[in-house]
Amino acid sequence: MKAQVLHAYDEDLTADTWLTYEDVPDPVISKGSDVIVRVGGAGVCRTDIHVIEGVWRPHMDPQGDSLLPLILGHENAGWVEEVGPNVEGLKKGDPVIVHPKISNGTCVACRRGQDMHGEGSFPGLDSHGGYAEAIVTSERNLIALPKSLQPKEVAPYSDAGLTAYRAAKKATRHLLPGQYAVVIGAGGLGHIAIQVLRAMCAAEIIVVDTNDNSLQLAQECGADHLIKADGGEVDAVLSLTHGHGAEAVLDFVGERGTTHKGLAMTRNAGSYYVVGYGEDIKVPTVDLVISEKNIIGNLVGTWAELYELMELAHRGLVQLETHEYSLKDANFALRALHEGKIKGRAVLVP
Ligand code: ZN
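Residues numbered from 1 in each chain as written. Predicted model: local features only at pLDDT ≥ 70, side-chain atom pairs only at ≥ 80, totals over all residues. Heavy atoms only, no water.

Draft legend 1. Representation of the coordination of the zinc ion. Of the protein atoms, only Cys 45 (SG), His 74 (NE2), Glu 75 (OE) and Asp 159 (OD) coordinate the zinc ion, at distances of 1.8 to 2.3 Å. With 4 donor atoms in place around the zinc ion and angles of 94 to 132 degrees between them, the coordination shape is tetrahedral. In primary sequence terms, the donor set of the zinc ion follows C-x28-H-E-x83-D. In this pair, Cys 45 is assigned in the loop between strand E3 (34–44) and helix H1 (46–53) and Asp 159 in the loop between helix H4 (151–154) and helix H5 (160–172), connecting sequence segments 114 residues apart. (Donors = N, O, S within 2.8 Å, 3.2 Å for Na, K, Ca; no water. Tetrahedral: all angles 85-135°; square planar, octahedral: opposite > 155°, others 65-115°. Helix = DSSP H or I, 4+ residues; strand = E, 2+ residues; numbered from the N terminus.)

Draft legend 2. Expanded view of the packing of aromatic side chains. Counted by the stated rule, this structure contains 3 aromatic pairs. In this structure, Arg 335 is placed above the aromatic ring of Trp 18, and the distance from its NZ or CZ to the ring centre is 4.2 Å. (Phe/Tyr/Trp six-rings, centres within 6.5 Å; stacked < 30°, edge-to-face > 60°. Lys NZ or Arg CZ within 6 Å of the ring centre and 35° of its normal.)

Draft legend 3. Quick peek at the pattern of salt bridges. Overall, the coordinates contain 16 salt bridges when judged by the stated rule. Among the ionic pairs, Glu 324 bridges to Lys 152, the shortest N-O distance being 3.2 Å. Taken together, the positions of Glu 324 in strand E17 (residues 322–326) and Lys 152 in helix H4 put the pair 172 residues apart, joining distant regions of the chain. Judged by relative accessible area, which is 35%, Lys 152 ranks as partly exposed. Between Glu 305 and Lys 169 there is a salt bridge whose closest N-O contact spans 3.4 Å. (Salt bridge = Lys/Arg side-chain N within 4 Å of Asp/Glu carboxyl O. Buried < 20%, exposed > 50% of the residue type's maximum accessible area, 1.4 Å probe, protein only.)

Draft legend 4. Spatial organisation of the sheet that holds strand E15 (residues 266–274). If you walk across this open sheet you meet the 6 strands as E13-E12-E11-E14-E15-E16, and the pairing is parallel. Two strands bound the open sheet, and with one partner strand each, they are strand E13 (225–228) and strand E16 (294–297). Between one strand axis and the next, the sheet turns by 20 degrees as a mean value, whatever way the strands run. In this sheet, strand E14 (residues 246–251) lies alongside strand E11 (residues 180–184) in parallel orientation, the contact comprising 4 bridges. Its bridge partner being in E14, Ile 184 is matched across the sheet by Asp 251. (Pairing = 2+ DSSP bridges. Axes fitted to C-alpha atoms, helices over the stretch in contact; angles between N-to-C directions.)

Draft legend 5. Structural context of the nonpolar core. Counting 95 residues, the largest nonpolar core has Ile 97, Tyr 131, Tyr 157, Ile 194, Leu 197, Val 207 and Met 310 as the members making the most contacts within it. With 7 residues, H5 is the single largest residue contributor to this core. Here this core spans two domains, since at least three of its residues come from each of domain 1 (2–159 + 300–349) and domain 2 (162–297). If sequence neighbours within four positions are ignored, Val 207 has contacts with Val 183, Ala 186, Ile 194, Leu 215, Ala 218, Ala 223, His 225, Leu 226 and Ile 227. (Core = buried A, V, L, I, M, F, W, Y, C linked by side-chain atoms within 4.5 Å. Domains from an automatic or database assignment. Contact = heavy atoms within 4.5 Å.)

Draft legend 6. Representation of the sheet that holds strand E2 (residues 19–23) within the structure. Across the sheet, 3 strands lie side by side as E2-E1-E4; this open sheet has antiparallel pairing. Edge strands, defined here as strands with exactly one partner in the open sheet, are E2 and strand E4 (70–71). For strand E1 (residues 2–6) and E2, the ladder comprises 5 bridges, and the chain directions are antiparallel. By the bridge assignment, Ala 3 is partnered in E2 with Glu 22.

Draft legend 7. Representation of the pairing of E11 within the structure. Burial analysis of E11 places 5 of its 5 residues in the buried class, the great majority of the element. Going residue by residue along E11, you find Tyr 180, Val 182 and Ile 184 tucked away on one face and Ala 181 and Val 183 tucked away on the opposite face as well. Strand direction decides the pairing type here: E11 and strand E12 (residues 204–209), joined by 5 bridges, are parallel. Looking at the pairing, Ile 184 lines up with Val 208 of E12. Crossover connection from E11 via helix H6 (residues 190–200) to parallel E12: handedness right-handed. (Right-handed = clockwise from strand over helix to strand, strands pointing away.)

Draft legend 8. Geometry of helix H8 (residues 233–240). The complete set of buried residues in H8 reads Glu 233, Val 234 and Val 237. Buried residues in H8, looked at end-on, bunch into an arc of 105 degrees, giving them a common side. Away from its buried face by more than 90 degrees, H8 exposes Asp 235 and Ser 239. Elements that come into contact with the buried residues of H8 comprise E11, E12, E13 and helix H9 (258–265). In the segment just after H8, His 242 is the residue with positive phi, at about 60 degrees. (Arc of directions from axis to C-beta.)

Draft legend 9. A look at the pairing of E3. Counting buried positions along E3 yields 10 of 11 residues, so the element is predominantly enclosed. As paired elements, E3 and strand E9 (residues 134–138) share 5 bridges and run antiparallel to each other. Residue Val 35 lies in a different strand from E9, and its bridge partner there is Thr 137. By the bridge criterion, 7 bridges tie E3 to strand E5 (residues 76–83) in an arrangement that is antiparallel. Following the sheet pairing, Val 35 is matched in E5 by Val 83.

Draft legend 10. How the structure looks around the domain arrangement of the chain. Splitting the chain by domain gives domain 1 (2–159 + 300–349) and domain 2 (162–297). Taken together, the contact pairs 29 residues of domain 1 with 21 residues of domain 2. Roughly 2000 Å² is buried in total at the junction of domain 1 and domain 2, and carbon and sulfur atoms are behind 55% of that figure. Counting across the domain 1 and domain 2 interface gives 13 residue pairs in polar contact (both at pLDDT 80 or more). Of the residues in the side of domain 1 that touches domain 2, the class split is 12 nonpolar, 10 polar and 7 charged. (Buried area = accessible area lost by both parts, 1.4 Å probe. Polar contact = N/O pair within 3.5 Å; in protein donor to acceptor, adjacent residues only side chain to side chain. Nonpolar A, V, L, I, M, F, W, Y, C, P; charged D, E, K, R; others polar.)

As structure tokens, this is what we get:
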């Protein structure tokens, strides 16, 4: 089959192209619970750029380059192509979305539904992913899609959507009418989080972004207030929130100074949700003690949360802005994402 393959890390992102479009062996069923999915769409994610840069290397590839060559792509949806002998609930041709973590299902984290913290692998990060014509996964990872949803239209939900959903859902459990949620970065994840907040709570939604296209998308997604990040965004949020800051700040950037600003926008006893990543958070411990601010990490989400998100999508409460690229054009799509030229989410279609 054809795939887009990473052969070398590029720390400075200065190479002309990062991936090579080439022939690779077809995936094979090796366990009874394995399922081969014919890829209908693979979301293009900033995490792919971070993998290329080597940000994940200490976690996923501590020996050096032992993971390479690697097929990227962790946001996958498609159709069941072949099932292992123990798979009962799925058959060839079923449309499915793929949960990003392959877990064995038997460790305590998995039994609690927290597969992302269980034993296993993240295809596209530590094993071959979906920038290809097919991918091998496990029955436990798959959610059959409602008829209303097409694989290439929903693929980015499996990571971008799921991560945004999980962070926004955590916030909605605390947010009350009269309170505020700030979304920093209304790109691929942020625009989903805005819709989840809209669908699941009544807090006023403030969106901060440097990019006019993203702010326009935020407005279409239901934001109440738009703030152009031009250096005065902390003051603008404080002014909208009567000087206190927001009860929830969801940071989908996590670099270029947003962590400091995001914490400054967070009200005392409020929560700052880290979703985007890249820089270190520096905060005096005494400030955390005095302010009682919470800093909360977010790692994808559970199978059940992906199911919940598909229900929101099926009902039209969350819509994904996608732009389709041919699998051949993966480098082009990654470059466009890197340069901030994609409104919503790019999807590679084989
Ligand atoms: Zn992703």
